[in-house]
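Letter by letter, the chains look like this.
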Amino acid sequence: MRFREHATVLVTTLFAALVCLPAAAHGAPADDPTGEPWALPAGDTVVSLTFDDGLRSQEVAARMLADKGMRATFYVNSSSIGYPAYLTVEQLSGIAAEGHEIGGHGLDHEDLTAVPLSEARHQVCDDRATLAALGFDPRSFAFPYGAWNADVRRVVQECGYSSARISSGLHESAEDCGACPEAEDPAAMDTWRIRTGDTASTPELLRRRVVQAEQSGGGWVPLVLHHVCTCPDRGTTAISPSDFAAFVEWLATRGPGTRVATVDEVTGGHLRPVVGTPLQRLVDPGGGDGRTRAVAFTVAGLEISQSNVIAAGLVVAGGTLTAYRFGTRSRRYAQRTR
């Protein structure tokens, strides 16, 4: 009787482990309630500061924003992580710990429309897999150079992202995209072709884009930035730290009708399974965090990762040993008293 009771406990424990562990492995449960899109009240404006390429100079911007309680989205080319002029894993982890979003930008910043689809899939899927194996939850993607087409769009979807950003499409001036809207409408936009203006490099231009959205009825204004440094050789792709700080100070005074949010907060979407192979240079595929992200198989719609298999094996082994010892307790006692 004792053996049957302990066997029942073992089966119950094993079932609970298999049900609960997959959600932990992917950082969020499949029905994560935080996956809802931003509900923007009529007339309000939401600003998303997006930083491309994972450049090391962007760390200072992340700190400035966090000090003001603002969060941004950093689109990273994972093959560049740790190289000179690029953010390290430790720096990216620090940025994520401050509440900023880490998104994908392709492994090598390749124009995805100019390579075979197999290469595009490698660039997008393996980039996301690397970021996931490093401990991030990449949901948002930015097309390198803003280049996209229907095939590339489908690749991004199949690799598990929830949104994709281009780098044009919003109003710049009467001469440049004069007929374009001043802002995106979160309720009616194409989530796989989020529009922006060109890279902004002066506080005056950044302020103008926000103000023109406010004055035209509100909406979503994704802003694109690259280098945050005093580096004239970078031309219009750079904004100085002092200029960026001035814009952040100004943005903080806009009042409750204008808010700052990450791309994922605006677009919503649940965390989807990882598809692809992490870069060996950054993640050892034989161990470390990579094991917790790779789906080994699916049972009744539940994704079971390699770490789940290991944990379940330990539960089975421990439970079996315990059940055996309880089941043979009387026999062992009799042998000791002979």
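Since this is a predicted model, take the numbers as computed values, not measurements.

Undergrad: What exactly am I supposed to notice about the overall build of the protein here?
TA: Per the secondary structure count, the protein includes eleven helices and twelve strands. Counting every position in the protein, which comprises 338 residues, the buried fraction comes to 44%. Sequence separation of 24 or more characterises 76% of the internal contacts of the protein that already satisfy a separation of 6 or more. Counting only carbon and sulfur atoms, one obtains 55% of the accessible surface of the protein, whose full area is about 15800 Å².

Undergrad: Any chance you could explain the confidence of the model for the protein here in plain terms?
TA: Low pLDDT marks regions whose predicted coordinates should not be analysed in detail. Chain-level statistics for the protein give a pLDDT mean of 82 and a share of 72% at 70 or above. Contacts for the low-pLDDT stretch residues 1-34, under 50 throughout, to residues beyond four places or in other chains number 46 contacts. The low-confidence segment residues 287-306, where pLDDT is below 50, has 45 contacts with residues more than four positions distant or belonging to other chains.

Undergrad: Teacher, can you tell me more about unusual backbone geometry here?
TA: Excluding glycine, residues mostly have negative phi values, and the peptide bonds linking residues are mostly trans. Phi is positive for Asp 53, close to 90°, though the residue is something other than glycine. Tracing the sequence through the fold places Asp 53 in the loop between β1 (45-52) and α2 (58-67). Here Asp 53 falls in the buried class, since its relative accessible area comes to 13%. Phi angles above zero are rare outside glycine, and Ala 85 is one such case at about 80°. When you line up the elements, Ala 85 lands in the loop between β2 (73-76) and α3 (89-97). Look at Ala 85 and you get partly exposed, because its relative accessible area is 49%.

Undergrad: Looking at this structure, I do not really get the nonpolar core. What am I missing?
TA: The nonpolar side chains of a soluble globular protein tend to be buried, and buried together. Grouped together as the largest cluster of nonpolar side chains are 37 residues, with contacts concentrated most on Leu 49, Phe 51 and Phe 244. Every element with two or more residues in this core is listed here: β1, α2, β2, α3, α4 (117-133), α6 (203-215), β7 (219-225) and α7 (241-251). Sort the elements by how many residues they give to this core and α7 lands first, with five residues. Excluding anything up to four places from it in sequence, Phe 51 contacts Gln 58, Ala 61, Leu 65, Ala 72, Thr 73, Phe 74, Tyr 75, Leu 225, His 226, Val 228 and Phe 244. Val 156, Tyr 161, Ala 164 and Ile 166 belong to the second largest nonpolar core, which has 14 residues in total.

Undergrad: I would appreciate a short explanation of the pairing of strand β3 (residues 101-104) in the present structure.
TA: Remark: a regular strand shows side chains that alternate across the two faces of the sheet. What you see with β3 is no split at all: Glu 101 and Gly 103 on one side and Ile 102 and Gly 104 on the other are buried throughout. Both β2 and β3 contribute to a ladder of four bridges, which runs parallel. Following the sheet pairing, Phe 74 is matched in β3 by Ile 102. With respect to chirality, the unit in which β2 leads through α3 into the neighbouring parallel β3 is right-handed.

Undergrad: What's the story with the pattern of salt bridges in this structure? I'm lost.
TA: One side chain can pair with another of opposite charge once the charged atoms of both are near each other. One pass over the structure, following the stated rule, counts eleven salt bridges. Salt-bridge contacts for Asp 52 lead to Arg 165; the nearest nitrogen and oxygen are separated by 2.8 Å. Highlighted residues: Asp 52 in strand β1 and Arg 165 in strand β5 (residues 163-169), separated in sequence by 113 residues. Across this residue pair, the class does not change: Asp 52 and Arg 165 are buried. The partner of Glu 249 in a salt bridge is Lys 68, with the nearest N and O atoms 3.1 Å apart. With Glu 249 in helix α7 and Lys 68 in the loop between α2 and β2, this residue pair connects regions lying 181 residues apart in the sequence. For Glu 249, a relative accessible area of 42% corresponds to the partly exposed category.

Undergrad: Is there a simple way to think about the environment of Tyr 145 in this case?
TA: Looking at the secondary structure, you find Tyr 145 in the loop between β4 (140-142) and α5 (150-158). Using a relative accessible area of 59% as the deciding quantity, one classes Tyr 145 as exposed. In sequence terms Tyr 145 and Ser 168 are 23 residues apart; their C-alpha atoms lie 9.9 Å from each other. Each residue touching Tyr 145, except ones within four places of it in the same chain, is listed here: His 109, Glu 110, Asp 111 and Ser 167.

Undergrad: So what exactly am I meant to see when it comes to α7 here?
TA: Residues separated by three or four positions in an α-helix point in the same direction, a consequence of the helix having 3.6 residues per turn. Where α7 is concerned, the buried positions are Phe 244, Phe 247, Val 248, Trp 250 and Leu 251. Down the axis of α7, the buried side of the element spans an arc of 160°, and every buried residue falls inside it.

Undergrad: Is there a simple way to explain α5 in this structure?
TA: Among all positions in α5, only Val 152, Val 155 and Val 156 are buried. For α5, the buried positions fall inside an angular range of 100° around the axis, keeping them on one side. Contacts made by the buried residues of α5 are with α4, β4 and β5. At the N-terminal end of α5, a side-chain oxygen is found 3.1 Å from the backbone nitrogen of Asp 151, two or three residues along, and the residue is Asn 149. Positive backbone phi, approximately 105°, marks Gly 160, located one or two places after α5.

Undergrad: What should I look at first to understand the state of the cysteines in this one?
TA: Chemically, a disulfide is nothing more than a covalent bond linking the sulfur atoms of two cysteines. According to the stated counting rule, one finds three disulfides in the structure shown. The connectivity of the disulfide bonds within the protein can be written as 1-2, 3-4, 5-6, using the sequence rank of each bonded cysteine.

Rules and cut-offs
- Residues numbered from 1 in each chain as written.
- Predicted model: local features only at pLDDT ≥ 70, side-chain atom pairs only at ≥ 80, totals over all residues.
- Heavy atoms only, no water.
- Helix = DSSP H or I, 4+ residues; strand = E, 2+ residues; numbered from the N terminus.
- Buried < 20%, exposed > 50% of the residue type's maximum accessible area, 1.4 Å probe, protein only.
- Contact = heavy atoms within 4.5 Å.
- Areas by Shrake-Rupley, 256 points an atom, 1.4 Å probe, with all protein chains shown as cover.
- pLDDT = per-residue confidence, 0-100.
- Core = buried A, V, L, I, M, F, W, Y, C linked by side-chain atoms within 4.5 Å.
- Pairing = 2+ DSSP bridges.
- Right-handed = clockwise from strand over helix to strand, strands pointing away.
- Salt bridge = Lys/Arg side-chain N within 4 Å of Asp/Glu carboxyl O.
- Arc of directions from axis to C-beta.
- Polar contact = N/O pair within 3.5 Å; in protein donor to acceptor, adjacent residues only side chain to side chain.
- Disulfide = S-S within 2.5 Å.

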